[in-house]
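Letter by letter, the chains look like this.
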Amino acid sequence: MPQLLPCCCLLDAAAKECGLHSGNIRKEDGSTEERKAERDLWSDGSNVEALDKAAAERLAAGDQDKDTLLVLYAPWCPFCQGMEANYEALAEKLAGSHVCVAKYQADVDKEWSKANLGLTTFPTIVMLPKAKSGFVKYPSERRDVESLSMWVKTMAGTA
């Protein structure tokens, strides 16, 4: 039976972070294989906008017409999975406002995400202010709708 390589402490997936690790699974024979998710997070029908690399690059450069709340995630990360419902609820709450709620799968390009969007752990949540380069990193491990809403209101003036 495969064993997960130690990466983090699994306490409360809705409020903790997963360190940046390879996401590999160690087999009994000592070899490893890349850990894969069974599904992507916030998929079809979601209010969370999916960004590709080109869109993430534009946002990081300040080319956006809305304030953007962005989660940098890995679909196999239990902490990202644990915040899925709350982030979706926040996206529903902010639908039609001047804040875009988005996701970028950062495990496929960790180095770029570290350098340009401040990725340190999964998940990392950042606010990219409208028409400005740079970002502000969410300073808490609390990912409930109320805490996220309060931070968005502080940063963007709405929630």
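Predicted, not measured: the structure shown is a model, and the values here were computed from it.

Visitor: Explain the confidence of the model for the protein chain here, please?
Guide: In low-pLDDT segments, the atomic positions of the prediction should not be examined closely. Of the residues in the protein chain, 77% reach a pLDDT of 70 or more, and the chain-wide mean stands at 84. A low-confidence stretch, residues 1-16 (pLDDT under 50), is modelled with 37 contacts involving residues beyond four sequence positions or located in other chains.

Visitor: Please explain the pattern of salt bridges as it appears in this structure.
Guide: For side chains of opposite charge, pairing can occur when their charged atoms come near one another. According to the stated counting rule, one finds six salt bridges in the structure shown. The partner of Lys53 in a salt bridge is Glu57, with the nearest N and O atoms 3.8 Å apart. Here Lys53 pairs with Glu57, and both are found in helix α1 (residues 53-60), just four residues apart, close to one helical turn. When salt bridges that share partners are traced, they join Lys53, Glu57 and Asp109 into one network.

Visitor: How do you make sense of the sheet that holds strand β7 (residues 99-105) when you look at a structure like this?
Guide: By definition, the strands of a sheet pair up through backbone hydrogen bonds, in either a parallel or an antiparallel sense. Spatial ordering of the open sheet is given by β5-β7-β6-β9-β10, a layout of five strands whose pairing is mixed. Taken across any chain shown, the strands that pair with only one partner, and hence form the sheet edges, are β5 (49-50) and β10 (136-137). One ladder, built from five bridges, connects strand β6 (residues 67-73) with strand β9 (residues 124-128); its direction is antiparallel. Bridge pairing links Thr68 to Leu128 in β9.

Visitor: I tried to follow the packing of helix α2 (residues 78-94) against helix α4 (residues 145-156) on my own but got confused; where do I start?
Guide: To characterise two packed helices, one gives the angle between the axes of the helices and the distance between these axes. Taken N-terminus to C-terminus, the directions of α2 and α4 make an angle of 45 degrees; their axes are 9 Å apart at the nearest point. Taken as axis vectors, α2 and α4 run oblique relative to one another. Regarding α2 and α4, the two cross each other, and that crossing is right-handed. In this structure, α2 contributes Asn86, Ala89, Leu90, Lys93 and Leu94 to the contact, and α4 contributes Val145, Leu148, Ser149 and Val152. Class assignment of the residues belonging to the contact of α2 with α4 gives a composition of six nonpolar, two polar and one charged.

The rules behind each value
Residues numbered from 1 in each chain as written. Predicted model: local features only at pLDDT ≥ 70, side-chain atom pairs only at ≥ 80, totals over all residues. Heavy atoms only, no water. pLDDT = per-residue confidence, 0-100. Contact = heavy atoms within 4.5 Å. Salt bridge = Lys/Arg side-chain N within 4 Å of Asp/Glu carboxyl O. Helix = DSSP H or I, 4+ residues; strand = E, 2+ residues; numbered from the N terminus. Pairing = 2+ DSSP bridges. Axes fitted to C-alpha atoms, helices over the stretch in contact; angles between N-to-C directions. Parallel < 35°, antiparallel > 145°, perpendicular 65-115°, else oblique. Left-handed = near helix turned anticlockwise from the far one by under 90°. Nonpolar A, V, L, I, M, F, W, Y, C, P; charged D, E, K, R; others polar.

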